[in-house]
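So you can see what is in the structure, the chains are spelled out below.
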Amino acid sequence: DAKCAGKNRVAYYDENVISTSFKRLDLEKNMRNATRNAFDEFEVYYQPITDISKPGMPCSGAEALIRWNSRELGVISPTEFIPLAEYLGLINPIGSFILREACMRCKYWNDMGHPDYKVNVNLSVVQLLQNDIVEQIAEVISETGIDPKNLTLEVTESLAINDMNRMKKILADIKKLGVRVALDDFGTGYSSLNHIREMPIDVIKIDRCFIIDIGKDDFSNAFVKMVAELASAIDVNVCVEGVETKEQLDILMGSKIQLIQGFYFGRPMTAREFEEKYL
Ligand code: C2E
Ligand code: MG
Ligand code: MG
Ligand code: MG
C-alpha cells in the first residue's frame, strides 16, 4: 500500500526535491490565491467515528478532513498540500479556517439533538508551535460556543516532538481549556511508547497500516492488542483507523478498543451528507 509505505514522512517539505518543479510553483500560486479568496476552494469533510463499546454501535462524531478543490488544478489530496502549506507558512490561516468550521458544525450537531457528538481536528506541529495557539483555540471555542469537551485535537508524532518538554507544556495548556488531545497515526513515523507515558493524551489513534494486515500478520495483531491493553490500563481511549471490512471489525470487537474510523462505517463526506445520515 503506497500510502502506508510513504507514511514516514517528514513534517516539512523537502525544498531540494521540489524547488525546481513547475508543479510545485503551480501549487504554490494556486494555494496562495485560494487562501486569499476566502477559502472558497476548501471544504471540510467529515468521516464518522463509531463507538463499538456501546450497544448498537452509535456514531460518536467525526474527524474533520480538509479537501481542496482547486479551480485550476482540480482535487488535490491533503497529504500533498498540507506539507506544502506548512512549508509556505500557509498552514496557520488554513488551519484556523478548518478549526472554526469544524467547531461550528459540531456545535450545530450538539444543538440538533446529539449533545455528545464530538469533532476531531488535525493540528499540524507548525500550528502547535505558534506562540498564541492556546489563545487561538480559546477564541474559536468562545466564538462558536462549542462545549470544549466535544473538541478533540489530533496531533501527529513528529521530529518536533524531540522537544518533549515544550510539547508537553503546550498540550497541557491546551488541555486546560477542556479540550481533548489525540495522538494520531500511532505506530508510524517517530512513535515511541514513551510518548504515551509522557504526553497528556486522551486518545491514541492506531494508524491504518496496522489494520490492513490484521488477521493475516501476527505483528499487526499483537501490536493492536498491546496498544489497546496499555491504553486501557492508563485510561486512554483507542481509535482504530482504516477499518474497511467486516472481517477487520470482527477481529477488533473482542479487544479493548472503543472507537473505529474507516470506510466500513463511512468515508469522509460533506457536512450535508454527514447530517443527512447521522442527525
Ligand atoms: P489522518 O489525520 O490520519 O486522517 C485519516 C486519513 O485516512 C484520511 O485521509 C482518511 O480519508 C483516510 N481513511 C480513513 N479511513 C480509511 C479507510 O478505511 N481506508 C483508507 N484507505 N483510508 C482511510 P485524508 O483525508 O486523505 O487525509 C490524509 C492526511 O492529511 C490526514 O491523515 C492528515 O494527516 C492530513 N490532513 C487532512 N485534513 C487535515 C487538516 O484539516 N489539517 C491538517 N493539519 N492535516 C490534515
Ligand atoms: Mg487525523
Ligand atoms: Mg491518522
Ligand atoms: Mg495524520
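Described in the following lines is the structure provided in the data block. The structure presented is a predicted model; accordingly, all values stated were derived computationally and were not measured.

### Concerning unusual backbone geometry
In step 1: At Met 57, a residue that is not glycine, the phi angle is positive and equals roughly 45°.
In step 2: For Met 57, the position within the fold is in the loop between strand E1 (42–51) and strand E2 (59–70).
In step 3: The exposure class of Met 57 is partly exposed, given its relative accessible area of 29%.
In step 4: With a phi close to 55°, Asp 185 is a non-glycine residue in the positive phi region.
In step 5: Here Asp 185 is to be found in strand E6 (residues 180–186).

### Quick notes on the coordination of the magnesium ion (ligand 2)
In step 1: Taken together, the protein ligands of the magnesium ion (ligand 2) are Glu 63 (OE), Asn 122 (OD1), Glu 154 (OE) and Asp 184 (OD), with distances of 2.0 to 2.2 Å.
In step 2: In this structure, the magnesium ion (ligand 2) lies 4.0 Å away from the magnesium ion (ligand 3), the two metals sharing Asp 184 as a donor. Note that Glu 63 is positioned in strand E2 and Glu 154 in strand E5 (residues 151–156), a separation of 91 residues in sequence.

### Remarks on the environment of Glu 247
In step 1: As for its placement among the helices and strands, Glu 247 is situated in helix H12 (residues 246–253).
In step 2: Since its relative accessible area comes to 55%, Glu 247 is described here as exposed.
In step 3: Along the chain, Glu 247 and Arg 267 lie 20 residues apart, while their C-alpha atoms are 18 Å from each other.

### Thoughts on the nonpolar core
In step 1: Judged by nonpolar contacts, the single largest core of 78 residues is most densely connected at Tyr 46, Val 119 and Leu 151.
In step 2: Among the elements that take part in this core, helix H5 (residues 91–111) stands out by supplying 9 residues, more than any other.
In step 3: Ile 49, Val 203, Cys 239 and Leu 259 belong to the second largest nonpolar core, which has 5 residues in total.

### Some points on the pattern of salt bridges
In step 1: Within the structure shown, the criterion is met by 18 salt bridges.
In step 2: With its nearest N and O atoms 2.8 Å apart, the salt bridge here joins Glu 275 to Arg 105. Placement of the pair is Glu 275 in helix H13 (residues 271–278) and Arg 105 in helix H5, with a sequence separation of 170 residues.
In step 3: For Arg 105, a relative accessible area of 22% puts it in the partly exposed group.
In step 4: One salt-bridge network, held together by shared partners, links Glu 63, Glu 154, Lys 205 and Glu 241.

Cut-offs applied
Residues numbered from 1 in each chain as written. Chains lettered and ligands numbered in written order. Predicted model: local features only at pLDDT ≥ 70, side-chain atom pairs only at ≥ 80, totals over all residues. Heavy atoms only, no water. Helix = DSSP H or I, 4+ residues; strand = E, 2+ residues; numbered from the N terminus. Buried < 20%, exposed > 50% of the residue type's maximum accessible area, 1.4 Å probe, protein only. Donors = N, O, S within 2.8 Å, 3.2 Å for Na, K, Ca; no water. Core = buried A, V, L, I, M, F, W, Y, C linked by side-chain atoms within 4.5 Å. Salt bridge = Lys/Arg side-chain N within 4 Å of Asp/Glu carboxyl O.

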